[in-house]
Amino acid sequence: MNTHTAFSTYRLPDNPWLSKMQALSKDIASRAAEWDQTRSYCWPVVRDLAKAGLMGMSIPQRFGGGGASFLQVAQVVEEAARSCTLTARILVEANMGGISAVMAYGTDQQREFCAPIVLAGDKPAICITEPDAGSAASEMQTRADRKGDRWVLNGCKHWITGGGVSKLHLIFARCFDEGGTELGIGGFLVHVAPEQGIDPKGFEVTRRERTMGLCGMPEAELRFSDLEVSEEMRLSTPSGFGRGFADLMTAYNSQRVGAGTIAMGVAAGALDHAKRYLGERKQFGRPLAEFQGLQWMIADMDAQVHASRLMLFEAAQSAEWDGNRFPDMMMAARAKAFASESAIKVVSDALQMFGARGYGDQEPLERMYRDVRMFTIGGGTAQILKTQVAGAVLGIKTPQSRSGYAQNKF
């Protein structure tokens, strides 16, 4: 891993997990193309990550984890993304996704149940998106009806990352009491592990999407048909049903920082490949590195990666300010939007420097380009995130519904 910046050398905390990731990176990089081409999940790497303590490193020590901060996790994610986007995605979900919501809001029983599953190598799935509820997540139609001490879930989720390989699922649904009165949106923990005989009735993976990039990570459609979940597995937040969805989406800020960090890490890896190639490749009797036009491209790429890193690490660290459990919404949204869009440009420019070689599969640039394209979409589109940032900057509410309006706070 190259020396990054002064920021990296004098402000970042000690990170024992980073050296563990660095030790695995070379082998992971050598196999990344295989998982992409075969569209297979990288189970051997997952076992290595779990053995190194990188799965669930953010889980508090009292539940068996490492107690790593989100900033330390982000450093590890960047290192992984330089070599393999799939590996980095798994690390984010195992440290900054649904598991962070469980650790923040769950009961001790829920934490003690979920922690060992993640520490053993599971990448939990967050089940929010539906066919008719994407960016407008609050319009979800999946419902959970109270039946005594249980909830009965019915509905459909799609584009669920890890569907078919994940064991833990955090499912969001509209909740109704026994009289049919809507209570609000809640989260439910569902454990699925057929190989262990844990195969809940009413839980079905109905389709896997064929994606442009991140081909080793399944994106699946899930259907629930009278799926029963005990009250003990309902994730209750401090605000209760009324504001519970807002609490759960606050937890999602950590996942957004993680997704942005993957994009930045892929861009940093592409920049490394470009620097190597410009020094090796000669045209017109001299190295490409001596051509001023390419030097300016490299300078712009370096600035974009560096700026993204600063914003992402600042957002990750904001979770530790004033007792905050999760990254600041404004910082997370701004960092992810900027980093994801910048990464597409950086990887595209790196590919351009390789010419036809970059367009083929002799180099990892074409795979990196396909992988990085999804990060302006998944985990909050760049446009939705910019709307959130604009609202915070202007001090106005910016509802997107047809009946909405901008409430001026000036």
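Anyway, here's the lowdown on the structure attached to this text. (Residues numbered from 1 in each chain as written. Predicted model: local features only at pLDDT ≥ 70, side-chain atom pairs only at ≥ 80, totals over all residues. Heavy atoms only, no water.)

**Digging into the overall build of the chain**
Summing up its helical and strand segments, the chain has 13 helices and ten strands in all. Whereas a compact globule of 410 residues would reach a radius of gyration of roughly 22 Å, the chain reaches 22 Å, a difference of no more than 12%. Structurally, the chain occupies a C-alpha span of about 80 × 55 × 40 Å along its principal axes. Within the chain, buried positions represent 55% of all 410 residues. Across the chain, the fraction of contacts at a sequence separation of at least 24, relative to all contacts at a separation of at least 6, is 71%. (Helix = DSSP H or I, 4+ residues; strand = E, 2+ residues; numbered from the N terminus. Rg over C-alpha atoms; globule rule 2.2 N^0.38 Å. Buried < 20%, exposed > 50% of the residue type's maximum accessible area, 1.4 Å probe, protein only. Contact = heavy atoms within 4.5 Å.)

**As for the environment of Val152**
Its place among the elements puts Val152 in strand β3 (residues 150-161). A relative accessible area of 12% places Val152 in the buried class. A C-alpha to C-alpha distance of 6.4 Å links Val152 and Val229, two positions 77 residues apart in sequence. With residues near it in sequence (within four places) discarded, Val152 still touches Arg143, Ala144, Asp145, Lys147, Asp226, Leu227 and Glu228.

**A look at the packing of helix α6 (residues 98-105) against helix α7 (residues 108-119)**
Following both chains from N to C, one finds α6 and α7 inclined at 150°, their axes separated by 9 Å at the closest point. Between α6 and α7, the angle is such that the two are roughly antiparallel. Seen from above, α6 lies across α7 with left-handed handedness. Within the contact between the two elements, α6 uses Ile99, Val102, Met103, Ala104 and Tyr105 and α7 uses Gln110, Arg111, Cys114, Ala115 and Val118. (Axes fitted to C-alpha atoms, helices over the stretch in contact; angles between N-to-C directions. Parallel < 35°, antiparallel > 145°, perpendicular 65-115°, else oblique. Left-handed = near helix turned anticlockwise from the far one by under 90°.)

**Quick look at the pairing of strand β7 (residues 219-230)**
Within a regular beta strand, the side chains point alternately toward one face of the sheet and then the other, so they alternate between its two faces. Bridging between β3 and β7 involves nine bridges; their strand directions are antiparallel. In the strand pairing of β7, Cys156 is matched with Arg223. The sheet contact formed by strand β6 (residues 203-208) and β7 spans five bridges and is antiparallel. By the bridge assignment, Arg208 is partnered in β7 with Ala220. (Pairing = 2+ DSSP bridges.)

**A few points about the pattern of salt bridges**
Pairing between side chains becomes possible if they bear opposite charge and their charged atoms approach one another. According to the stated counting rule, one finds 28 salt bridges in the structure shown. A salt bridge links Asp272 to Arg82; the nearest nitrogen and oxygen atoms lie 2.4 Å apart. Taken as a pair, Asp272 in helix α8 (residues 240-280) and Arg82 in helix α4 (residues 70-83) lie far apart in primary sequence, 190 residues in all. The closest approach of N and O atoms between Lys157 and Glu130, which form a salt bridge, is 2.9 Å. Of this pair, Lys157 sits in strand β3 while Glu130 sits in the loop between β1 (125-127) and β2 (143-147), and the two are 27 residues apart along the sequence. On the basis of relative accessible area, Lys157 is assigned to the buried category, the value being 0%. By relative accessible area, which is 6% here, Glu130 ends up buried. Salt bridges linked by common partners bring Glu78, Arg82, Asp272, Lys275 and Arg309 together as one network. (Salt bridge = Lys/Arg side-chain N within 4 Å of Asp/Glu carboxyl O.)

**Observations concerning the side chain of Ser308**
Here Ser308 shows up in helix α9 (residues 292-317). When neighbours within four sequence positions are excluded, Ser308 is seen to be in contact with Met264, Phe338, Ala339 and Ser342.

**What about the environment of Ala303?**
Residue placement: Ala303 occurs in helix α9. Spatially, the C-alpha atoms of Ala303 and Ile171 are 39 Å apart, while their sequence positions differ by 132 residues.

**Here we look at the nonpolar core**
Met21, Leu54, Leu91, Leu153 and Phe172 are the most contacted members of the largest nonpolar core, which has 125 residues in total. Take this core: its biggest share by element is 17 residues, from α8. Among all residues touching Leu153, those that are not within four sequence positions of it are Arg143, Ala144, Ile171, Phe188, Phe224, Ser225, Asp226, Leu227 and Val229. Grouped together as the second largest cluster of nonpolar side chains are five residues, Met330, Ala333, Ala337 and Val389 included. (Core = buried A, V, L, I, M, F, W, Y, C linked by side-chain atoms within 4.5 Å.)

**A few points about the packing of aromatic side chains**
This model, assessed by the stated rule, comprises seven aromatic pairs. With a centroid separation of 6.4 Å and 20° between ring planes, the pair formed by Phe70 and Phe326 is classed as stacked. Highlighted residues: Phe70 in helix α4 and Phe326 in the loop between α9 and α10 (329-354), separated in sequence by 256 residues. Taken together, a centroid distance of 4.1 Å and an interplanar angle of 15° make the contact between Tyr277 and Phe354 stacked. Placement of Tyr277 in helix α8 and of Phe354 in helix α10 is noted, with a sequence separation of 77 residues between them. Through successive ring pairs, a cluster of aromatic residues spans Phe70, Tyr105 and Phe326. Sitting above the plane of the Phe176 ring, Arg143 keeps its charged end 3.7 Å from the centroid. The ring of Phe291 carries Arg286 above its face, with NZ or CZ at 4.1 Å from the centroid. (Phe/Tyr/Trp six-rings, centres within 6.5 Å; stacked < 30°, edge-to-face > 60°. Lys NZ or Arg CZ within 6 Å of the ring centre and 35° of its normal.)

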